[in-house]
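The lines below spell out each chain.
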Amino acid sequence: MVLFMFLGKSPEITVHLEKQTQPKQHAMTKPVDFIDKFQIYVVSLPGRGARKADMERLRGALGLQWKYYDATYSNSALIGKILHWVENVRAKLLSAIPSTDSDVSGSLGNDDSYSDGDIHAEDVLFWPEYLEDIAQSNLEIPLLDPLIWAQPVRRPPYEPLTCSEQDFYLLDKAPDEVPEYKRLTSGRVACWHSHLSVLHLHANSLPTASGKGSIALILEDDVDMERDIMQQMEFLWKDLPEDWDMVFLGHCWSDETRGSLITKESPTNGSLPTWSKMYTSTDPKCTHAYAVSRAGARRLLLHLTHPPFAYSRAIDQAYAWLIESKRIQSFSVVPNLAMQRKVTVSDVMEGGTVNNLWIDSLFNSVLDSLQED
């Protein structure tokens, strides 16, 4: 039995985590097909008819089935509440840390709304020991800190904050004094929340004896893929360790071949002419196409909701840090099997920017081939 605590403004809640009863294993007459192991989600803002039309063309060409998950708009009231909650968490944390502490810089002052519930540095600066116990259990993991809903309603547009780095290193600079990618904008918070919501859905799903639906494949609605993506994935998956958390099928801003090669052999008989390989992840960015195991979704959810790490930066920067700091076991496919098309402006960058600085391509693009037909 493991004892852990949820910390918040309300009195401490002590929870006993009993040993979970695992689903009974039944004999199977037929192994589950590789594709049936996946539950595919497409994160997409409501009302994006053109993007969804392209995604439907992609789905039809690949013969896949997926669900659309409504992303959160950056001007929604919830995003304003989350930004205010982040401000309060940072203010209370910094007020409890001596000014000589080398891990945190800056001063955000104090907030009267936290006067009745202290959050001490030792509670939030280090990852709680119980996280792995919860990750391995079937205990339901909440999506949001209840204090978020208690925040006042603000009117958009919401003022950005400065992103934090590492576990919690806060630059002593105002948002307008840092580069755009280090500003915690409402778009970045909305993107974090949208992906977090899908992780929450998968993390709290019950495991099945067959393994059907045990892996979530999370896509954004502006992707293109290799025509043989599923065949390549099935070939690459056999070299993954059993305790893998994430696999990036597409990534940007990093040379992932710096990691260790885990693909042991090449396909025979030329069955996969566009053969990609799998490496241990080093510093992958972008969130347009990645897979998570159920345990990986639970680990990510626990880390991404833990203050002050929660909603602290762009979510791909959070993933990269959790990978670099060995909190998450991740792997990257090179060359990419999925890429961002970048046909419209970015949802997270300020000023309606089209981010074309990272150029990617596919060997046998599905959508390009459909245009040629």
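Residues numbered from 1 in each chain as written. Predicted model: local features only at pLDDT ≥ 70, side-chain atom pairs only at ≥ 80, totals over all residues. Heavy atoms only, no water.

**Q** Talk me through the layout of surface pockets; I want residue IDs and the actual numbers.
**A** Computed from the structure, the second largest pocket encloses a volume of approximately 850 Å³. Lining the second largest pocket are 30 residues, with Ser 214, Glu 242, Ser 293, Arg 294 and Ala 295 sitting closest to its centre. Element by element, the count of residues in the lining of the second largest pocket is highest for helix 8 (residues 294–304), at three residues. Its residues assigned to classes, the lining of the second largest pocket shows eleven nonpolar, 13 polar and six charged. (1 Å grid on protein atoms, 1.4 Å probe; cavity = no way out; pocket = protein on both sides within 12 Å on 5 of 7 lines; lining within 4 Å. Points joined across faces, edges and corners; volume = space filled by probe spheres on them. Helix = DSSP H or I, 4+ residues; strand = E, 2+ residues; numbered from the N terminus. Nonpolar A, V, L, I, M, F, W, Y, C, P; charged D, E, K, R; others polar.)

**Q** How would you explain the sheet that holds strand 3 (residues 38–44) if you had to name every residue and give the values?
**A** Within the open sheet, the seven strands sit side by side as 4-3-9-13-11-14-12. Their pairing is mixed. Looking at the sheet topology across the chains shown, the edges are occupied by strand 4 (67–70) and strand 12 (277–280). Strand-to-strand twist of the sheet, defined as the mean angle between neighbouring strand axes without regard to direction, takes the value 25 degrees. Examined bridge by bridge, strand 9 (residues 215–220) and strand 13 (residues 289–293) share five bridges and lie antiparallel to one another. If you follow Ala 216 over to strand 13, its bridge partner there is Val 292. Contacts from helix 1 (residues 49–62) reach strand 3, strand 4 and strand 9 within the one sheet, and its direction differs from that of strand 4 by about 155 degrees. (Pairing = 2+ DSSP bridges. Axes fitted to C-alpha atoms, helices over the stretch in contact; angles between N-to-C directions. Contact = heavy atoms within 4.5 Å.)

**Q** Mind laying out the packing of helix 8 against helix 9 (residues 315–324), listing which residues take part and the relevant values?
**A** Helix 9 packs onto helix 8 with a crossing angle of 110 degrees between their chain directions and a minimal axis gap of 12 Å. Between helix 8 and helix 9, the angle is such that the two are roughly perpendicular. As helix 8 runs across helix 9, the sense of the crossing is right-handed. Along the contact surface, helix 8 presents Leu 300, His 303 and Leu 304, while helix 9 presents Ile 315, Ala 318, Tyr 319 and Leu 322. Here the contact of helix 8 with helix 9 is composed, by residue class, of six nonpolar, one polar and no charged. (Parallel < 35°, antiparallel > 145°, perpendicular 65-115°, else oblique. Left-handed = near helix turned anticlockwise from the far one by under 90°.)

**Q** Would you mind going over the packing of aromatic side chains in detail, with residue names and values included?
**A** Summed over all chains, the structure comprises nine aromatic pairs. Seen from their ring centres, Phe 34 and Trp 237 are 6.0 Å apart, and the 75 degrees between their planes marks the pair as edge-to-face. Of this pair, Phe 34 sits in the loop between strand 2 (13–17) and strand 3 while Trp 237 sits in helix 7 (residues 229–237), and the two are 203 residues apart along the sequence. Of the two residues examined, Phe 34 and Trp 237, each falls in the buried class. Relative to Tyr 319, the ring of Tyr 290 lies with its centre 5.4 Å away and its plane at 70 degrees, an arrangement referred to as edge-to-face. (Phe/Tyr/Trp six-rings, centres within 6.5 Å; stacked < 30°, edge-to-face > 60°. Buried < 20%, exposed > 50% of the residue type's maximum accessible area, 1.4 Å probe, protein only.)

**Q** Which residues make up the environment of Arg 227, and what are the values?
**A** Within the secondary structure, Arg 227 sits in the loop between strand 10 (223–225) and helix 7. Along the sequence, Arg 227 and Leu 337 sit 110 residues apart, while their C-alpha atoms lie 8.9 Å from each other. Ignoring anything within four residues of it in the chain, the contact list for Arg 227 reads Ala 61, Leu 62, Asn 364, Val 366, Ser 369 and Leu 370. Reaching out from Arg 227, the side chain makes a polar contact with the side chain of Ser 369 at a distance of 3.1 Å. (Polar contact = N/O pair within 3.5 Å; in protein donor to acceptor, adjacent residues only side chain to side chain.)

**Q** Describe the nonpolar core, and please don't skip the residues or the numbers.
**A** Across soluble globular proteins, nonpolar side chains show a tendency to be buried alongside one another. Val 292, Leu 300, Leu 304, Tyr 311 and Tyr 319 are the most contacted members of the largest nonpolar core, which has 53 residues in total. Per-element accounting of this core gives the leading share, eight residues, to helix 6 (residues 186–203). Not counting residues within four places of it along the chain, the set of residues in contact with Tyr 319 comprises His 195, Leu 199, Met 246, Phe 248, Thr 287, Tyr 290, Leu 300 and Leu 304. Judged by nonpolar contacts, the second largest core, of 34 residues, contains Phe 38, Ile 229, Trp 237 and Ala 291. (Core = buried A, V, L, I, M, F, W, Y, C linked by side-chain atoms within 4.5 Å.)

**Q** So, the state of the cysteines: which residues are in play, and what are the values?
**A** What the rule picks out here adds up to one disulfide. Covalent S-S linkage joins Cys 252 and Cys 286, the inter-sulfur distance amounting to 1.8 Å. In this structure the cystine formed by Cys 252 and Cys 286 twists about its S-S bond by roughly 80 degrees; its chirality is therefore right-handed. A residue pair is termed long-range when its members are at least 10 positions apart, and Cys 252 in the loop between strand 11 (246–248) and strand 12 and Cys 286 in the loop between strand 12 and strand 13 qualify at 34 residues. Relative accessible area serves as the criterion here: at 2%, Cys 252 is assigned to the buried category. (Disulfide = S-S within 2.5 Å.)

**Q** Residues and numbers for the pairing of strand 13, please.
**A** Across the five residues that make up strand 13, a large majority, five, are buried. The side-chain alternation of strand 13 yields two buried faces, one formed by Ala 289, Ala 291 and Ser 293 and the other by Tyr 290 and Val 292. Sheet analysis places strand 11 next to strand 13, joined by three bridges and oriented antiparallel. Looking at the pairing, Met 246 lines up with Val 292 of strand 13.

**Q** How would you sum up the environment of Met 233? Please name residues and give values.
**A** On the secondary structure map, Met 233 appears in helix 7. Between the C-alpha atoms of Met 233 and Trp 275, which are 42 residues apart in sequence, the distance is 10.0 Å. For Met 233, the residues in contact, after removing those within four places along its chain, are Phe 34, Phe 38, Leu 249 and Leu 337.

**Q** Account for the pairing of strand 9, with residues named and values stated.
**A** With respect to burial, strand 9 is a largely interior element, six of its six residues being buried. Burial along strand 9 is two-sided: Ile 215, Leu 217 and Leu 219 facing one way and Ala 216, Ile 218 and Glu 220 facing the other are all buried. Looking at chain direction, strand 3 and strand 9 are connected through six bridges and run parallel. Counted as the bridge partner of Val 42 is Leu 219 from strand 9.

**Q** Kindly report on the side chain of Gln 232, identifying the contributing residues and their values.
**A** Within the fold, Gln 232 resides in helix 7. A residue is classified by how much of its surface remains accessible, and Gln 232, at 1% relative accessible area, is buried. At 2.7 Å, the side chain of Gln 232 forms a polar contact with the backbone nitrogen of Ser 276.

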